[in-house]
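A structural walkthrough
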Amino acid sequence: MKNKGQALTEYLLIIVVISFIVIQLVTMFGGYLQDKLTEFSCSIMETTYQKGEKPGEGKCAVETD
């Protein structure tokens, strides 16, 4: 019965480590991911993508003539 609890603890530690790594990656690259999603949504809406000064600050702009 002790082995069952030990395995559960090991799985929990693995999940915690993987979660920590994923959170750090999203924190580091989140702005770039947001820019790519914004750029994709601009192409769907047929608007122009304008890159921001920092990662994550890009936006769609409607062209006016």
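Predicted, not measured: the structure shown is a model, and the values here were computed from it. (Residues numbered from 1 in each chain as written. Predicted model: local features only at pLDDT ≥ 70, side-chain atom pairs only at ≥ 80, totals over all residues. Heavy atoms only, no water.)

1. Observations regarding the environment of cysteine 60
Counting through the fold element by element, cysteine 60 comes out in strand β2 (residues 59–61). The exposure class assigned to cysteine 60 is partly exposed, which follows from its relative accessible area of 29%. In this structure the C-alpha to C-alpha distance between cysteine 60 and tyrosine 49, which are 11 residues apart in sequence, comes to 4.6 Å. In this view, cysteine 60 contacts Thr38, Ser41, Cys42, Met45, Thr47 and Thr48; residues no more than four positions away in its chain are not counted. (Helix = DSSP H or I, 4+ residues; strand = E, 2+ residues; numbered from the N terminus. Buried < 20%, exposed > 50% of the residue type's maximum accessible area, 1.4 Å probe, protein only. Contact = heavy atoms within 4.5 Å.)

2. Regarding the state of the cysteines
The final tally for this structure, using the stated rule, is 1 disulfide. Put simply, cysteine 42 and cysteine 60 are joined by a disulfide, and their sulfur atoms are 1.8 Å apart. The sign of the -105 degrees torsion about the S-S bond sets the cysteine 42-cysteine 60 disulfide as left-handed. Of this pair, cysteine 42 sits in helix α1 (residues 2–44) while cysteine 60 is found in strand β2, placing the two residues 18 residues apart along the sequence. (Disulfide = S-S within 2.5 Å.)

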